[in-house]
Amino acid sequence: MGDMPSALPIGDPAPSDGSLPASALTGLGDRPFGVYVHVPFCATRCGYCDFNTYTAGELGTSASPASWLEGLRQELDLAASVLGDPPAVDTVFVGGGTPSLLGASGLGQVLDAVRSSFGLAPGAEVTTESNPESTSPEFFSAIRDAGYTRVSLGMQSAARHVLAVLDRVHTPGRPVAAAREARAAGFEHVNLDLIYGTPGETVADLRASLDAVHSAGVDHVSAYALIVEEGTALARRVRRGELPMPDDDVLADKYELIDSAMAAQGLTWYEVSNWAASADAACRHNLLYWQGADWWGAGPGAHSHVGGVRWWNVKHPAKYAELLATGTSPAAGREILSDDDRRVERVLLELRLATGLPLDVLDPAAQTEAKTAAADGLLDPTALDQGRCVLTDRGRLLADAVVRRLT
Ligand SMILES: C[S@@+](CC[C@H](N)C(=O)[O-])C[C@H]1O[C@@H](n2cnc3c(N)ncnc32)[C@H](O)[C@@H]1O
Ligand code: SF4
């Protein structure tokens, strides 16, 4: 999943020229630097999704992929000038929305825009999310030739009735076929996204999905518990009593099933919702978020973080293109993180990683709480003795609660 929380935070006004305080630019380039590109288009909206995305019918004539691409080029140029001596990009992540709706030539133009404003570091990781139904062998070969190195496919489930509840439009077999096509086109790094806990999903359905993942031979899997987001069609169906709310105990059992199936397939967790076949197969772009590095998020509603300053763009593609056309930054607001904000954020993100969080990031009261959490079986006592907070298997099931105890 890319960096796209749906509701925009309330922050301070952002400068209209996009400028950043000098303190944010100190050490830029010493830390990994990534670019996230948000593609705000989908053919249809899935009932559970509250990402910033629009169907052609919703946009009408107000915005199009062409006006979005023009705005994107302008934002990337603005980014390069704001950053002064722009660092080479270590990771690019094109997320959505549905990037594959742009077709291989559109995705090639996106990457060319990143290259022309910034330049890619040698060995850069370049990922695109893709929906299984808008891909083909030719699509994968062409994006590989264009410079993409990693593909992330939204599979969600292999059970037809689960896909129907989620409003997914692909057939149950298409994600695995797409993953194989991507591998045949030369992609070594392919991810499948799963959603578990959908109303009506049985344990047998989940097992079938995990078997299907196995048959695809991918080197990365992300598995997310279904979140019933306010304002979605799914939330309305749950409120009307048409569908039950996912049950926490069932979700925990399913998480354990996923984790053991991943281990049997040779994939190890490196973040609570992410498993990879090796350290090389981990998503470097997402690690950059979780480790508090720098990234510029370009596109409508995208979020950015550089040197302790976080900002977010206007959400609507028409407003986004309109601002950039007049040379104005599309940022809607920003926040300058205090040392304490940054510390809390580190706990929130690094605790979810298999490498864990250095104990000394915690304040003294939280360090004492960490010892209690280890006694409760939630943190690994050996790692704690060595100065790190690392979740145990049980701790992973209760990761959010552990984070609350330590912040
Ligand atoms: C927002 S989508 C974008 C990529 C692509 N359009 C797709 O659907 O695969 C990225 C991933 O977010 C996850 N996701 C989105 N909404 C979710 C929700 N309400 N609960 C759990 N996972 C969700 C899905 O697994 C999805 O594959
Ligand atoms: S295709 Fe992906 S981004 Fe689009 S609505 Fe469905 S989950 Fe959301």
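Keep in mind the model is a prediction, meaning the values are calculated, not measured.

Peer 1: I tried to follow the pattern of salt bridges on my own but got confused; where do I start?
Peer 2: Pairs can form between side chains of opposite charge once their charged atoms are near each other. Counted by the stated rule, this structure contains 19 salt bridges. Between R310 and E345 there is a salt bridge whose closest N-O contact spans 2.0 Å. Remark: E345 occurs in helix α13 (residues 339-350) and R310 occurs in strand β11 (residues 309-313); sequence separation between them is 35 residues. Judged by its relative accessible area of 14%, R310 falls in the buried class. For E369, the salt bridge is made with R405, and the minimal N-O distance between the two is 2.7 Å. You can see E369 sitting in helix α14 (residues 364-375) and its partner R405 sitting in helix α17 (residues 399-406), a full 36 residues away along the chain. On the accessibility criterion, E369 (24% relative accessible area) is partly exposed. Classification of R405 by relative accessible area gives partly exposed; the value is 30%. Among the ionic contacts, a cluster of salt bridges with common partners joins R237, R240 and E242.

Peer 1: Looking at this model, I keep getting lost on the domain arrangement of the protein. Mind explaining?
Peer 2: Interface extent is often summarised as the accessible area lost during association of the parts. What the domain assignment reports for the protein is domain 1 (22-290) and domain 2 (338-407). Placing a centre on the C-alpha atoms of domain 1 and another on those of domain 2 gives a separation of 28 Å. Contact residues are listed per partner, giving 13 residues for domain 1 and 9 residues for domain 2. Buried surface at the junction of domain 1 and domain 2, both sides included, amounts to about 1,100 Å², of which 62% is carbon and sulfur.

Peer 1: How should the environment of S62 be read in this particular structure?
Peer 2: Looking at the element boundaries, S62 is found in the loop between α2 (56-59) and α3 (65-82). C-alpha separation for the pair S62 and A263, spaced 201 residues apart in sequence, amounts to 48 Å. Dropping the residues within four chain positions of it, S62 is found in contact with H316 and A318. Among the polar contacts listed, one links the side chain of S62 to the backbone oxygen of L59, at a separation of 2.7 Å.

Peer 1: Honestly, the site of ligand 1 in this entry has me stumped. Any pointers?
Peer 2: Taken together, 18 residues sit near ligand 1, with G97, N131, Q156, R168 and D193 positioned nearest. Interatomic distance of 3.1 Å between a backbone N/O atom of Y48 and a nitrogen atom of ligand 1. One nitrogen or oxygen atom from the main chain of G97 is found 2.8 Å from a nitrogen atom belonging to ligand 1. Relative to its unbound accessible surface of 540 Å², ligand 1 loses 96% to contact with the protein. When residues of the shell around ligand 1 are traced back to their parent elements, those giving at least two are β4 (150-156), β5 (189-196) and β6 (220-225).

Peer 1: Is there a simple way to explain α13 in this structure?
Peer 2: Residue pairs three or four apart in sequence face the same way in an α-helix, which turns once every 3.6 residues. Spanning 12 residues, α13 covers 16 Å between terminal C-alpha atoms, matching the ideal 16 Å at 1.5 Å per step. Considered for burial, the residues of α13 that qualify are R343, V347 and E350. When α13 is viewed along its axis, its buried side chains cluster within an angular range of 100° and face the same direction. Contacts made by the buried residues of α13 are with α11 (284-290), β13 (357-358) and α17.

Peer 1: For this particular structure, what's the right way to read the site of ligand 2?
Peer 2: Taken together, C42, T44, R45, C46, Y48, C49, G97, T98, N131 and R168 are the residues near ligand 2. Residues of the shell around ligand 2, tallied by class, amount to 4 nonpolar, 4 polar and 2 charged.

Criteria and cut-off values
- Residues numbered from 1 in each chain as written.
- Chains lettered and ligands numbered in written order.
- Predicted model: local features only at pLDDT ≥ 70, side-chain atom pairs only at ≥ 80, totals over all residues.
- Heavy atoms only, no water.
- Salt bridge = Lys/Arg side-chain N within 4 Å of Asp/Glu carboxyl O.
- Helix = DSSP H or I, 4+ residues; strand = E, 2+ residues; numbered from the N terminus.
- Buried < 20%, exposed > 50% of the residue type's maximum accessible area, 1.4 Å probe, protein only.
- Domains from an automatic or database assignment.
- Contact = heavy atoms within 4.5 Å.
- Buried area = accessible area lost by both parts, 1.4 Å probe.
- Polar contact = N/O pair within 3.5 Å; in protein donor to acceptor, adjacent residues only side chain to side chain.
- Near = heavy atom within 4 Å.
- Areas by Shrake-Rupley, 256 points an atom, 1.4 Å probe, with all protein chains shown as cover.
- Expected span 1.5 Å × (residues − 1).
- Arc of directions from axis to C-beta.
- Nonpolar A, V, L, I, M, F, W, Y, C, P; charged D, E, K, R; others polar.

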